[in-house]
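# Per-entry structural report
So the chains spell out like this:
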Amino acid sequence: MPKAKSQKDMGYGETVPAFQLPNDFSVLYFRDYNFKASLPHLHPDFEFMLILHGDVKVAADATLYSVPTGSVIIMPPNLVHCTILDNTEMLYERQILHLTSSYIDLFHEKNDFIRIFSTPIVINCSIKDTVEFRDLLEKIMTEDKNLHSGDSFARSMITMFLLKCARKLEESPSQRVSNTSILVDRLIRYIEEHFTEPELSLENLTAQAYVSKGHLNRLFKAYTGVSLYKYVIQRRLIYSTELLQRGFSVLSAGLESGFEDYTCFLKAFKKTYGMTPRNYCTLKAQQGRQTGFLAERFF
């Protein structure tokens, strides 16, 4: 078993393996108490999340997906989402597998079942299924800390994981969806089109909904985990991190993301990520490419 280090420095409260898996895939383990909701975030890769403990809802595109203990949720790339727990005192434990699109392409026909999905998919599992999924992920994590994308053992474990997902979806293709809000969906799509505009305001968004500001905020938070204001700010921050990684200056990244000035951008960035944009760039350079890490770590 690889040496573990504290998750405190990584934004969590327990332990994770002390090694980083390669760019094409990564397997992570997290364990939290008093977890309420993650901030809205996205990953450029496919995400497979196995819920080991905790009754979880995942909010994406104004839809709530119920993911009970033992289930797996598949999240498509570049879809803004967040995780919500109704019982914040319950242990929240999960394993996460990230796979790049290019790496999934290596599996040819084995990845067809993934490619056709543009929305989250929940796989309902028996106790036996959950144990098998966990075993596959743990083998990737613990067998060899020097695994690389061409490693035959890693590929065989990932192949087995994908095939098991495909078989389970054939058995029960239905999704666990609590409900969807047409109004929240319309607002999210409006935000996606306009979040880079500094003049976008709560008044603009309320005008789109034809309901009171208070009712709209309550409804929006129920389906996204955050208020309208926080969602807009977080969407801008997500985009700013993308621009920073593409080489934009800190000032340009903030302004292009919709912040009115550098001070507003810096304040929002530090409050959310606990560091300056410049320090973020330094950390990302050190980490190489641990996909989606910073977007997911701050709850």
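Before any of the text, the structure's been laid out above.
Here is a short report on the structure shown in this document. Note that the structure is predicted; figures quoted are calculated from it, not measured.

Further remarks concern the pairing of strand β4 (residues 46-53). Taken residue by residue, a regular strand's side chains alternate between the two faces of the sheet. By the criterion of burial, β4 is predominantly enclosed, with seven of the eight residues buried. The sheet contact formed by β4 and strand β9 (residues 92-99) spans seven bridges and is antiparallel. Along β9, the bridge assignment pairs Phe-46 with Leu-99. Pairing of β4 with strand β7 (residues 72-75) involves four bridges; the strand directions are antiparallel. By the bridge assignment for β7, Met-49 is matched with Ile-73.

When you line up the elements, Gly-247 lands in the loop between α8 (228-245) and α9 (250-256). Here the alpha-carbon distance between Gly-247 and Cys-281, two residues 34 residues apart in the chain, equals 9.3 Å.

Overall, the coordinates contain 14 salt bridges when judged by the stated rule. Among the salt bridges present, the one from Lys-213 reaches Glu-203, with a minimum N-O distance of 3.2 Å. Of the two residues, Lys-213 is situated in helix α7 (residues 213-224) and Glu-203 in helix α6 (residues 202-209); the sequence distance between them amounts to ten residues. Ionic contacts of the salt-bridge type, sharing partners, join the residues Lys-128, Asp-129, Glu-132, Lys-164, Lys-168 and Glu-171 into one network.

Further remarks concern α6. Every buried residue of α6 is accounted for by Leu-205, Thr-206 and Ala-209. Burial along α6 is one-sided: seen end-on, the buried residues are contained in an arc of 100°. Packed against the buried residues of α6 are α5 (182-194), α7 and α8. Residue Tyr-210 follows α6 closely and has a positive phi angle near 60°.

Reading across the sheet, the five strands line up as β3-β9-β4-β7-β10 and stay open at both edges, with antiparallel pairing between neighbours. Both edges of this open sheet fall to β3 (25-32) and β10 (121-123), since each of them pairs with a single strand only. Neighbour-to-neighbour, the strand axes of the sheet open up by a mean angle of 20°, direction not taken into account. Docked against the sheet, helix α4 (residues 152-171) engages β3, β4, β7, β9 and β10, running at close to 95° with respect to β10.

Cut-offs used in this document
Residues numbered from 1 in each chain as written. Predicted model: local features only at pLDDT ≥ 70, side-chain atom pairs only at ≥ 80, totals over all residues. Heavy atoms only, no water. Buried < 20%, exposed > 50% of the residue type's maximum accessible area, 1.4 Å probe, protein only. Helix = DSSP H or I, 4+ residues; strand = E, 2+ residues; numbered from the N terminus. Pairing = 2+ DSSP bridges. Salt bridge = Lys/Arg side-chain N within 4 Å of Asp/Glu carboxyl O. Arc of directions from axis to C-beta. Contact = heavy atoms within 4.5 Å. Axes fitted to C-alpha atoms, helices over the stretch in contact; angles between N-to-C directions.

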